[in-house]
Every structure is written in C-alpha cells, then in structure tokens.
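Take a look at the letters that make up each chain.
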Amino acid sequence: MVNIAQHKKNRNVFRQKRFKYSLVASALLGITSTSINAQESEADDETLVEVIDVKGTRGALINAQNMRREAETLLDALSASDIGALPDTSILEAISRVPGVSIGRFAAPNDPDHFGTEGSGVVIRGLTQVRSEFNGRDTFTANSGRSLSFEDIPPELIGSVEVFKNHTADMVEGGIAGTVNLVTKKPFDNGGGRKISVAANLTYGDFIEETEPSLFALYSDTFENDAGRFGWLLNVSTSKLQGQSDGAQVGIYDAHAAFDNQLVPRSTRFTRKKDDREREGFAAVLQYENLDNTVAVTAEFIRSDAALAWTENAVEWADDNIIGSTMPAAGTSYEFGDNGFFQNGYLTGNEGWRGADSERQPGGQYGILHAMVGRFRNDESTVQDINLNVEYTPTDQLAFNFDLQRVEADTQILDFQVQGGNYLVPRLDLRSDIPSIELRNPGFASGSDSPSQNYFTDPRYTFWRSAMDHLSDNEGEQTSIRFDSKYIFESGFITSLSAGVRYAERDQTTRESTFNWGNLTTPWSGDTSTNFWFDDERTGALETEVVSFDNFARGGVLNIEGGQNLLFPALSVARDYRGSIPDLKAISGGWRPLNERDGVIPGTDFLPGEINTTIEESTAFYVKANFEGELDNGVVYTGNFGARYVELENETVGAIVFPDNRPHPEDPNALDNFLISDQAAFGDNSSVDLVSQSTYDTILPSFNLKVELSDTFLIRFGLSEAIALPQLGLLRNRFVISSREQIVERGDVDSDGDGQNDVISTRYRRYEANAGNPNLQPMEAINTDLTFEWYFAEDGSLTTSLFYKDLENYFITGSNPQEFTNNGSTQVVEVMQSTNGDSGRIHGFELAYQQYFKNLPEGFDGLGLQLNYTYVDEKGSPNSDLSPDSPGNPLTSGSQFTGVPLEGLSQHTFNSTLLYQKYGIDARLAYNWRSQYLLTTRDVITQLPIFSKEAGFLDGSIYYDVNENIQVGLQMTNLLDTESVTRMQVNQAGDLATRGVFVSDRRFALVLRGNF
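Predicted model only: the values in this text are computed from it and were never measured.

A word on the overall build of the protein chain. When you go through the protein chain residue by residue, the secondary structure sums to 7 helices and 46 strands. Taking 31 Å as the expected radius of gyration for a compact globule of 1012 residues, we find that the protein chain reaches 31 Å, a close match to that expectation. Sequence-distant contacts in the protein chain: of pairs separated by 6 or more residues, those separated by 24 or more amount to 74%. Summed over its atoms, the accessible surface of the protein chain is roughly 38700 Å², and 52% of this surface lies on carbon and sulfur atoms.

This part covers a nonpolar patch on the surface. Nonpolar side chains collect at one region of the surface, where Leu388, Phe402, Leu404, Ile481, Phe483, Val501, Tyr503 and Phe621 lie side by side and expose about 600 Å² of accessible area between them. As for its placement among the helices and strands, phenylalanine 402 is situated in strand β20 (residues 398–429).

Summarising the element assignment, glutamine 405 is placed in strand β20. In terms of polar contacts, glutamine 405 uses its side chain to reach the side chain of aspartate 385, at 2.9 Å. Residues within four places of glutamine 405 in sequence aside, it is in contact with Arg137, Asp138, Asp385, Ile386, Asn387, Gln478, Thr479 and Ser480.

We now examine the sheet that holds strand β5 (residues 137–138). Strands pair in a sheet through their backbones, by hydrogen bonds, and they do so in one of two ways: parallel or antiparallel. Taken in spatial order, the 5 strands make up an open sheet running β1-β6-β7-β4-β5, and their pairing is mixed. Pairing within the sheet leaves two strands with one partner each, and these edge strands are β1 (75–79) and β5. Pairing of strand β6 (residues 158–164) with strand β7 (residues 178–184) involves 6 bridges; the strand directions are antiparallel. Bridge pairing in β7 places valine 161 opposite leucine 182. Along the sheet face, helix α3 (residues 56–70) touches β1 and β6 and points at about 155° away from the line of β1.

Moving on: the confidence of the model for the protein chain. Scored by pLDDT, the protein chain has a mean of 89; 92% of the residues are at 70 or more. For the stretch residues 1–52, pLDDT sits under 50, and the model shows 117 contacts to residues farther than four places along the chain or on other chains. For the stretch residues 887–894, pLDDT sits under 50, and the model shows 27 contacts to residues farther than four places along the chain or on other chains.

By size, the foremost hydrophobic cluster in this structure holds 56 residues, and its most contacted members are Tyr253, Phe270, Phe342, Leu439, Phe549, Phe552 and Leu566. A total of 4 residues in this core trace back to one element, the largest contributor, which is strand β45 (residues 992–1000). Setting aside its immediate chain neighbours within four residues, phenylalanine 270 contacts Gly247, Ala248, Asn313, Ala314, Val315, Ile437, Leu439, Phe549, Phe552, Leu558 and Leu566. Residues Leu78, Phe140, Val383 and Leu776 belong to the second largest nonpolar core, which totals 48 residues.

Here the focus is helix α6 (residues 577–587). Turn by turn, an α-helix covers 3.6 residues, leaving residues three or four places apart pointing in a common direction. Within α6, burial applies to Tyr577, Ser580, Ile581, Leu584 and Ile587. Along the axis of α6, the buried positions cluster into a sector of 130°, meaning they face one direction only. In this structure, α6 carries Pro582 and Ala586 as exposed residues pointing more than 90 degrees from its buried face. Contacts from the buried residues of α6 go to β20, β22 (462–488) and α5 (571–575).

On to the packing of aromatic side chains, then. Counting across every chain of the model gives 41 aromatic pairs. Aromatic side chains tyrosine 334 and phenylalanine 336 sit 6.3 Å apart centroid to centroid with 75° between the ring planes, which places their arrangement in the edge-to-face category. Classification of tyrosine 334 as buried rests on a relative accessible area of 8%. The ring of phenylalanine 140 has arginine 506 lying over it, and the distance from NZ or CZ to the ring centre is 3.7 Å. Cation over ring: lysine 918 sits above tyrosine 919, and NZ or CZ is 5.1 Å from the ring centre.

What follows is about the pattern of salt bridges. Under the definition given, this model contains 62 salt bridges. One salt bridge in this structure joins glutamate 278 and lysine 240, with 3.9 Å as the shortest N-O distance. Taken together, the residues span a long stretch of sequence, with glutamate 278 in strand β13 (residues 268–289) and lysine 240 in strand β10 (residues 228–250) at a distance of 38 residues. Judged by its relative accessible area of 37%, glutamate 278 falls in the partly exposed class. Of the charged contacts, one joins glutamate 316 and arginine 269 as a salt bridge, the two residues approaching to 2.8 Å between their closest N and O atoms. Of the two residues, glutamate 316 sits in strand β14 (residues 295–317) while arginine 269 sits in strand β13, which places them 47 residues apart along the sequence. The class of arginine 269 is buried, set by a relative accessible area of 8%.

Between its terminal C-alpha atoms α3 stretches 21 Å, which fits the 21 Å expected from 15 residues at 1.5 Å a residue. Across the 15 residues that make up α3, a large majority, 14, are buried.

We now examine the environment of threonine 411. Looking at the element boundaries, threonine 411 is found in strand β20. Exposure remark for threonine 411: the relative accessible area of 7% places this residue in the buried category. Taking the C-alpha atoms as reference, threonine 411 lies 40 Å from glutamate 438; in sequence the two are 27 residues apart. Ignoring sequence-local partners within four residues, the contact set of threonine 411 consists of Thr141, Ala142, Glu380, Ser381, Ser472, Asp473 and Asn474. Within the local environment of threonine 411, its side chain forms a polar contact with the backbone oxygen of alanine 142, the two atoms lying 3.0 Å apart.

Another aspect to go through is the pairing of β6. Burial runs high along β6: 7 of the 7 residues are buried. In this sheet, β6 lies alongside β1 in antiparallel orientation, the contact comprising 5 bridges. Within β6, the residue paired with leucine 78 across the bridge is valine 161.

Even without a glycine there, the phi angle at aspartate 838 is positive, about 70°. Turning to its location among the elements, aspartate 838 is positioned in strand β36 (residues 825–852). Phi is positive for glutamine 943, which is not a glycine, with a value near 65°. Counting through the fold element by element, glutamine 943 comes out in the loop between β40 (933–936) and β41 (946–948).

Our focus in this paragraph is the side chain of aspartate 955. Tracing the backbone shows aspartate 955 in strand β42 (residues 951–961). Owing to a relative accessible area of 8%, aspartate 955 belongs among the buried residues under this scheme. Within the structure, aspartate 955 has its side chain in polar contact with the backbone nitrogen of asparagine 974 (distance 2.8 Å).

Here the focus is the environment of leucine 902. Looking at where leucine 902 falls in the secondary structure, it is placed in the loop between β37 (863–875) and β38 (908–918). In this structure the C-alpha to C-alpha distance between leucine 902 and lysine 875, which are 27 residues apart in sequence, comes to 9.3 Å.

Calculation criteria
Residues numbered from 1 in each chain as written. Predicted model: local features only at pLDDT ≥ 70, side-chain atom pairs only at ≥ 80, totals over all residues. Heavy atoms only, no water. Helix = DSSP H or I, 4+ residues; strand = E, 2+ residues; numbered from the N terminus. Rg over C-alpha atoms; globule rule 2.2 N^0.38 Å. Contact = heavy atoms within 4.5 Å. Areas by Shrake-Rupley, 256 points an atom, 1.4 Å probe, with all protein chains shown as cover. Patch = residues over 30% accessible without salt bridge, like charges linked within 9 Å, V, L, I, M, F, W, Y side chains within 5 Å. Salt bridge = Lys/Arg side-chain N within 4 Å of Asp/Glu carboxyl O. Polar contact = N/O pair within 3.5 Å; in protein donor to acceptor, adjacent residues only side chain to side chain. Pairing = 2+ DSSP bridges. Axes fitted to C-alpha atoms, helices over the stretch in contact; angles between N-to-C directions. pLDDT = per-residue confidence, 0-100. Core = buried A, V, L, I, M, F, W, Y, C linked by side-chain atoms within 4.5 Å. Buried < 20%, exposed > 50% of the residue type's maximum accessible area, 1.4 Å probe, protein only. Arc of directions from axis to C-beta. Phe/Tyr/Trp six-rings, centres within 6.5 Å; stacked < 30°, edge-to-face > 60°. Lys NZ or Arg CZ within 6 Å of the ring centre and 35° of its normal. Expected span 1.5 Å × (residues − 1).

Structure (structure tokens):
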C-alpha cells in the first residue's frame, strides 16, 4: 500500500493552495470540533503549503470553502473579506446567506405586530434549537432562553462564522438544529505582524430619513524575543442605526349572522414604529507562543453592549361590544369576495349605552372605540466573556489543552404604553395587496355631522383609556473549565486519539413581570366624574401630542379625515415611566404600577412567581478517534468516531401559590364566605417555597467519514446523536393554583327578599394551575448527513447535502392531575405545564454552487456567482405551544387549530449572489428568499396562528480600492423595498386571510475603510 502521507504529497498540486491550520494555530482558536483536528493529517506537509493572499470577497469565499472542505463534520462558514468586513451589516443578515439557515424579520417570533429592523432568531433546517458559541465556547443572552441574541453582537468583532450541521464527540452538546460559532480575531491570525484597521460608516434610512454613524478600530501587533513570540490585539466598535416601519393590519374575522355568516373583521390596526439601535463592542486579546512551539497561550476579553429603544404610535380596535355585530355606515354596504371574506366597507357599531357622557359617546349607530397607543420599549443587553486557553505540546505526538471561561450577561427591558380612547369609523379596502384604510368621524356612521370640525385632533373627543407596564431584569453567569488531551500515532489506521472533560455551572435569575394592563378612565360608568378626556383640567400634567401619519407605508394606504393627523398620549409620558406614575395614578380607575401590586416583593417590581432562579451543572467526558486509510484503488478516506457522556443537574427555586378564596367580611353575600371547610382551608392565598432538583444523563455517539474520490471530489457521511436543552423559562418551578366553576347550594328561605334563596354552601368543581416543569428533559435527535462535494477551483464548488433528523422528546404543553396539600386539605389540581412528548422527522436537501469566472474575456473575468437552495420537510413534529416567559399558560400558548405546520419552517429557501471583483472594484448583489412559514401558533393579540408570507430581499454593496490601504464603498439593504406580509389562519380548514403588511426602510451606508 502506498504511504498515505506520500500519497497526499503526490496529489497536492491543487490542495497545496488551500487554507490550512497548524496544530498550534488550532489550539489558539481553542479546541473545537474543527479547530484542533481538522488538518492534523496534513500537519507534516507544512513545507508544501503555498500561501496565496487573496483579499476581498473572493478571498473570503476561498477561506470559507476551505473551512468546509477540511472540517471534521458538516460545516458551512462565512469569512470576513477584510478585517471588520463581514458581507452584511449584521451577523443575522450575514448567516441568512448560508444554505439551510433562515432568520425572522419581526421583533420576535411571537410578536408578529412589530417589524424588526435587523431581524431576530435563527432557524437551521427548519428547527429553532440552535446552539450559540464564541470561539467554541458557550455564550448566551440573559433571558428566558439559552442562546445568544445574534443581533446584539457587533459584526466588527468577528473574523468568521462557523455553522455546524452535525456533531463530533468533542463538540459541546446542545445544538440539535446546529451550532453557530462566532470566531473572533486574534493577533496570530494570518501570520501575525502589525495590523491597523479603521472604518467609518454613515447609514441613511430612506423611510425614517435619518443618518447615523458607525466607527470601528483595530490594532494588532506581534513581536518575538528570546522568550518567544508575543501578540496583542485591541478591537473597538460603536454603531447606531435608526429605522422606521409602518404596518397596516386587519382585525380578527367573525362570522356575521346578518350577512349569511360571511366573515367580517372587527376593525383595523395600523402602526408607525421607530427604532433606535445602539451597539458597542470591545475585545482585547493576548497571545504567547514559545520558540519551540510547545506552549501556546491565549487570553481574551470580549464585551458587547446593545440597546434597542423603539417608540410606537398605533390605532387598534378596543370595542368588545361590536364582536360579530358590526354594520355598514348609513348609505353604504359591505362587499364580499367569492370565498365569503369581507373585501370593502365602512365598519360601525350600534350600542344602546356607551356611557353617561351622551354628547361624546352617544348610544345608537356610531363609531367603534379604538385605542390610541403611545408606547415606548427599551431593551438593553450586555454579554461579557473572559477566557484563557493554554496548549502544551511536549512532543510531536502529544498535546494537552486547558481552557477556562467566565461569561456574565444581563438584560433589562422597560415596556410602557399609555392609551387614549377615540370613537371612529374605519373603512377597510382589502381588494389589493396592501390594506387601504380610511378614518371618518363617528357621526359618519349614521349620516350625521361630525361632532367637531377637527375631530381627530380635538382633545374633547379622546379620553385617557388605559396603561400597561412590563419590566424585565435578568442576569446570568457561567464558569466553565475544560481539559483535553490528544495523542497522534505515527502509523496505522487510527491517526490520533483525543479525550477530554468539561465542567460548567450556570446560575441565572430571570425576572419577567406580566404585561400589567389596567384602565384609567371608566367610560362605561354612569358617573361622568370617572371619565378623563384629554381636555379635562384634572389631567393637565399629562401631555398629549398630535402625530402625523404623512407618507404612511410610502403613501396611498391611509387617509384620515381632516388631514393625516391623530391625537395621542405624548410619547414623553411613556418614556418617563417612573415620572408619569403619580399623574396616571391620580386619574386611574384600575391601573396600578407593577411595584404596587398585591404581593409584590418589597423594593422590587416583581411578584415571587415572576422570578425564576436556575442553577445548572453540566459535566461531560468524551473520547474521539481520528482515522484515515486508502483503498486499493487509491481512494483516500478520513474520519472520526467517538462518544460523549453528558450529565446535567438542575436546581430550580420557586413556590406553590394557593388560590385566594378567603372570606369577605365587608360583603356578607360573597360566595366564598360559604365555601365548604376543606376548600376554604386549601384556598387561603398562602404560598409555599419550592426547590426542585433533576438529573439527566446520556451518551452521544458520533461518526463522520470523508471519502476523497479524487483531488476535487469527496463524499461525506455523518451520523450522530444530539440533544437540545430546554429553555430556562420552561423549567420555571412555580405553580399558581386557581379555583374554577363555583357551585352554589341554596336553601328554602329568601331572608333578604332579593328574589334568591339564601346560600347554604358553595364549592369549586375543579382547580387548575399553570406551571413550568423543573423535571423537563432535553429533546433528543439522531442526525444523519450525506454530502457530495466537488471543488473544481480554489474559489469554485458544487455541493449537495442530504439530511435526515429523527427527533423525540419534543417540548410541548401537557395537562395532568396532581395532588396538592395545604392546611391539611388535599385537592386534585389539573396542571397545565411544559412536558416532553411526541416524535417527528425533519428531512431535506441543500444545493450550493459558487464560482468566479476567470476564463471570461478581459473585464468580465471578475464576475462570480453564488447560488444555494434548501428544501425542508417535516412529519409528525409538534409545535411546543410554549412561551418561556409564561410556561403552561393556556392564554398565551396552544393553537386553536390542529395540523398547523412547525413554527419557523420554510419548505424552500433560496440565495443568489452576483459578484464582481476586478480593477479595484469589489461588488455584490445578494437576493435572499424564503417561502411562507408559521410565525407563531397563537398570536397574543388575535389568539390565531400567524404566517409570514413568502418574501425576497435584495441587498448590495460596491467597494473601490483607492490604494492598497484605503477602500471606499456603499452598502445597500432592502433595495426592492420588500413588503413583509403576515396572514392569519381563521378556521380549521386552513383558510388564510391577510393580517398585516409592513413597509420598512431601504438603507444606504457610505463606508470608508483603512487597513495598514
């Protein structure tokens, strides 16, 4: 048999140009699944490696292609074309170009009413259980989930992004869908030396018509003396971005008896949202390597601070009295489509009583009550990572690696809205792609005159309706320690044997308040003194403001009688949450701020049940063997097999809260005064502290094989078992018990003459509780991949990837009876909580092609093309119907309909990028498209499944090299001005109707870069 090493030398004419890592360089990146072993079999060929310095987009494609080709398992990668130059303006936008990866375009998957300026959430091959890493180590955002919010990380800190789609034994567990690893820059990268990089951007949003700056600077240097080689790097970035999105939406459809049960929306909703995003990043790295390359040390500090503040002015339906009973305005009629859905018409209501103030809210046919929302939300997030990595290679065959990491993260959210109330007549025209909305004064409903000449800006006709506050204050920390060893065999089938151990402890506390809604005015009251209209002198300290809706959704969508202006509570009231509380309480008919609720922990804004503390310990051991060989026909194969043992221990702190069925001495007729004794003892509103512990262990085997049929063609096979850990919020150890269906037993005497016999006793038919599940187990999967990869040029490839995932132990909602005892009384409680159950399958394929056409005629030989397509299908996979912020709550989870598809799964995704690099020009035009997918099974507003319609986004960039150090460019986002459309499922048959259409900015960034 031909010696494998010699064989590789003979066939290295093309492969010598490929990007390679030495063993020491791999250690400096930390021992990850690809970074220490990917090139071990070629470490002896360093003298043959030819380093070709190709910059720009083509250089990035070469690096990314080599990273995939040399990886130990299936991997796709993105590489920065130059320092600080990922191909998009955010990490999320960049990884959406990777085959099999897609991102959301809304603020959150369960919030389809608010568009996200830079998207949110990552889905890999139809699944959301994605693990996030910094340099192969854990990283996370301090919320109720487990992963990192990628939109919060400055892309300028990142040198490359690795997307793993299968596993090796040395990879940290947790990513069933895949693992996204953000690799930061190091001083020894690309041979070291002194590097100075600066960049300045000015980004303009054409819808909000604002310009914001971004700045980036990096200094890196290496030097060598008798003690060894040293390197240090400082990287700092700051970025601001403003954006605007307008949304025109349709209310819930009701079957209308007056129109043959055809479907009529309750009203409309429209919103103007303005985002103000700030992002700061800092990284400092020290590296050392001794002269004989036996010791390598990397110490790193990474910090990211992100803040997203947004304001919203929205008009939305707020009139429960007209559900299923709207009527056309006088002299008009409704138009319906052939499918029985409303198409066009003026919507009004007919109510006998609206309140005591008959002038401003008369009975009869009149306008529909709408909320005039002024909302402010501010999300602030910090992630800080300190780590130390030491590799010791005492011989050419033996290597040891020690890794220590500390992660600290915190997140704070302030969300406050104040609503006015206004009666109006909306006209909805749904005959075109974008809903058209017209607002008329309420008198139009009956054909009478407007109550005011400038009705929509007249403070006499809008009242202070309600307020709602929500706060979050979370922090998490994790310390992890890892030790790995590796022995390289000089000959034989097994080329190396690796083993390692990892221990991590994560301590996280989440404090998530409810969305605390309460009324201010009571317009339905018979007492006019409880009504607070905007012109009321008693509300003088509360400011209002006229808001313009000019050019709404770029025009032609919204027409407001008397001009494009509406009167709202001033956004300054919502921004100044603490300062506005005294003035709002002075007029409040029911709202009290979070920190004044019954049972709140003194000095905080939170109830005990809104606080979740979890301590999680993870211990893992692994053994992995790398092998290589050669068949009789000269075909070379390499691969690895191994197993990882994982043990998880969770401790969650919570409580049982018993129902409040206490007697009411102030009301002698209160039914709870007559409650049977054992239920009265049970329902004393007490709480009992609860600490739960759970343990889980498993073995995760893995096998990866790469067969190189020629210098340019290989086949890869991967098979592994993997787990996904439940989101921390789903482990919430809190049981809130409530009593349901009170049964009343009456005697034969009516002592007070009220027409009802006296109550003898009462009892509750049943008890319910909403809860998380501290015993929730990880989701499990068997992942299979088969790929065919043709590398026909250093920057050209054609690959096909087939994948199949067999999944079980999904996180779902379950209901089960449990016994609880309080004060000697034991009751059976039906507990709705997160649980494990069901199984399913995900399968599909990915096609990817990239090439620069260097053989075209002069001038055209700089053209290149990237294409990829992904098909994903599932069978049997249940939706979790769970919210980690309120696990088990049937009001916020659970679909009304069966058979809805898996959340986040698009059957088809497609990327096409046209490239050009020549004459100092580096340009690209990138199109990203995904098919329709389910955003959420149950929207918190409509309580219906909401789908995102298929959509494509076109982005572009063009850069010019002024000289070898200076580059100027223009980055362009959303060039097609794509509308993001949502649809709601209205019945079990699966019929979809338009829910909303959102229009957002096109962004243009002028960029100046310097690399020295």
